[in-house]
Amino acid sequence: SLGKFTLKSGINDLEAVIPYPGKAKQWSINDPNLYHVVLLAEKSGDIVAMRQERTGFRTMKVKGTGFEFNNKPIYLLGESAHSSSHGGTPNYDAQSIMRYLLTKHKENGIMLLRTAHMPMIREFYEVADEIGMMVYDEWGMCFVNSIDEKVFEKNNLAELEKLIIRDYNHPSVVLWSLGNENKHGGHPEIAAQMDKQYELLKKIDRQNRPTS
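Residues numbered from 1 in each chain as written. Predicted model: local features only at pLDDT ≥ 70, side-chain atom pairs only at ≥ 80, totals over all residues. Heavy atoms only, no water.

1. Thoughts on the overall build of the chain
- In terms of regular secondary structure, the chain is built from four helices and nine strands.
- On the principal axes, the C-alpha backbone points of the chain span a range of 60 × 45 × 45 Å.
- Looking at the chain as shown, the accessible area adds up to about 13,300 Å², and 53% of this sits on carbon and sulfur atoms.
- Averaging the coordinates of the 26 positive side-chain charges in the chain and doing the same for the 27 negative ones gives two points 5 Å apart. (Helix = DSSP H or I, 4+ residues; strand = E, 2+ residues; numbered from the N terminus. Areas by Shrake-Rupley, 256 points an atom, 1.4 Å probe, with all protein chains shown as cover. Lys, Arg positive; Asp, Glu negative; His and termini not counted. Charge placed at Lys NZ, Arg CZ, Asp CG, Glu CD.)

Here it is in structure tokens:
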């Protein structure tokens, strides 16, 4: 428990540090332990709003040419999860379809899924958290050959920030990809936008997840 904060009308900017629970178990591909963080808003003793986030504790880093997860070297056997084969049509049970598809990948020995060319729907990450599937979360700046830099930056960075915040607390997200096959050679405006994406991500992501 963090105790109470006093909020004023409008936008509140505050920060709280939650001490690591000494007996908390780490999230891993074989033991995907999850924990809930709940924030309650009260007014005159009545609860008027609530937000719950589910997350997990784990560490990841690139060391030399290898990848370490929870301070142990691990060989990443991965596969691409394209939205065309991991999506669906209206009126479908997204949770059940994601669980079926991701479980099949895991049964085949896959431990890491890349969201090829664009982010996935929310249920993809929720199931990955629950079954212990690591995710290489890829942004949609892919196959870009030319841009109106001013317009592109205004839209792209704002949307990227929303993605980072949306997926931030998923323990399954262990790597970020900020694009794929963009023609940056001879296109300084595209290279500049890729740099700005990286700067934005590193500013927000205090977990310091490896990024390409």
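That shown, we press on.
2. Re the packing of aromatic side chains
- Enumeration according to the criterion identifies three aromatic pairs in this entry.
- Above the face of the Tyr-168 ring, Arg-209 is positioned so that its terminal group lies 5.2 Å from the ring centre. (Phe/Tyr/Trp six-rings, centres within 6.5 Å; stacked < 30°, edge-to-face > 60°. Lys NZ or Arg CZ within 6 Å of the ring centre and 35° of its normal.)

3. Some points on the sheet that holds strand β5 (residues 72–74)
- The strand order across the open sheet built from three strands is β3-β4-β5, with neighbouring strands paired in antiparallel fashion. One side of each edge strand has no neighbouring strand; the edge strands of this open sheet are β3 (60–63) and β5. The mean angle between the axes of side-by-side strands here comes to 40°, regardless of whether they run parallel or antiparallel.
- Here three bridges tie strand β4 (residues 66–69) to β5, and the two strands are oriented antiparallel to one another. Across the sheet, Glu-68 pairs through a bridge with Pro-73, a residue of β5. (Pairing = 2+ DSSP bridges. Axes fitted to C-alpha atoms, helices over the stretch in contact; angles between N-to-C directions.)

4. So, the nonpolar core
- Formed by 30 residues in total, the largest nonpolar core has its most connected members in Leu-102, Leu-113, Phe-124 and Leu-160.
- Of all elements in the fold, only α1 (94–107), α2 (122–131), α3 (149–167), β9 (173–177) and α4 (188–204) reach the threshold of two or more residues within this core.
- For Phe-124, the residues in contact, after removing those within four places along its chain, are Ala-81, Met-98, Leu-102, Leu-113, Thr-115 and Val-135.
- Ranked by size, the runner-up nonpolar core spans 10 residues in total, among them Ile-29, Met-111, Met-134 and Leu-175. (Core = buried A, V, L, I, M, F, W, Y, C linked by side-chain atoms within 4.5 Å. Buried < 20%, exposed > 50% of the residue type's maximum accessible area, 1.4 Å probe, protein only. Contact = heavy atoms within 4.5 Å.)

5. Quick notes on the packing of α1 against α2
- Where α1 meets α2, the axes come as close as 9 Å, and the angle between the chain directions of the two elements is 50°. When the axis of α1 is compared with that of α2, the two are oblique. In the crossing of α1 with α2, the sense of the turn from one axis to the other is right-handed. Contact residues: Ala-94, Gln-95, Met-98, Arg-99, Leu-102, Thr-103 and Lys-106 in α1; Glu-123, Phe-124, Glu-126, Val-127, Ala-128, Glu-130 and Ile-131 in α2.
- Residue composition of the contact of α1 with α2, by class: seven nonpolar, two polar and five charged. (Parallel < 35°, antiparallel > 145°, perpendicular 65-115°, else oblique. Left-handed = near helix turned anticlockwise from the far one by under 90°. Nonpolar A, V, L, I, M, F, W, Y, C, P; charged D, E, K, R; others polar.)

Honestly, it's all geometry; don't read function into it.
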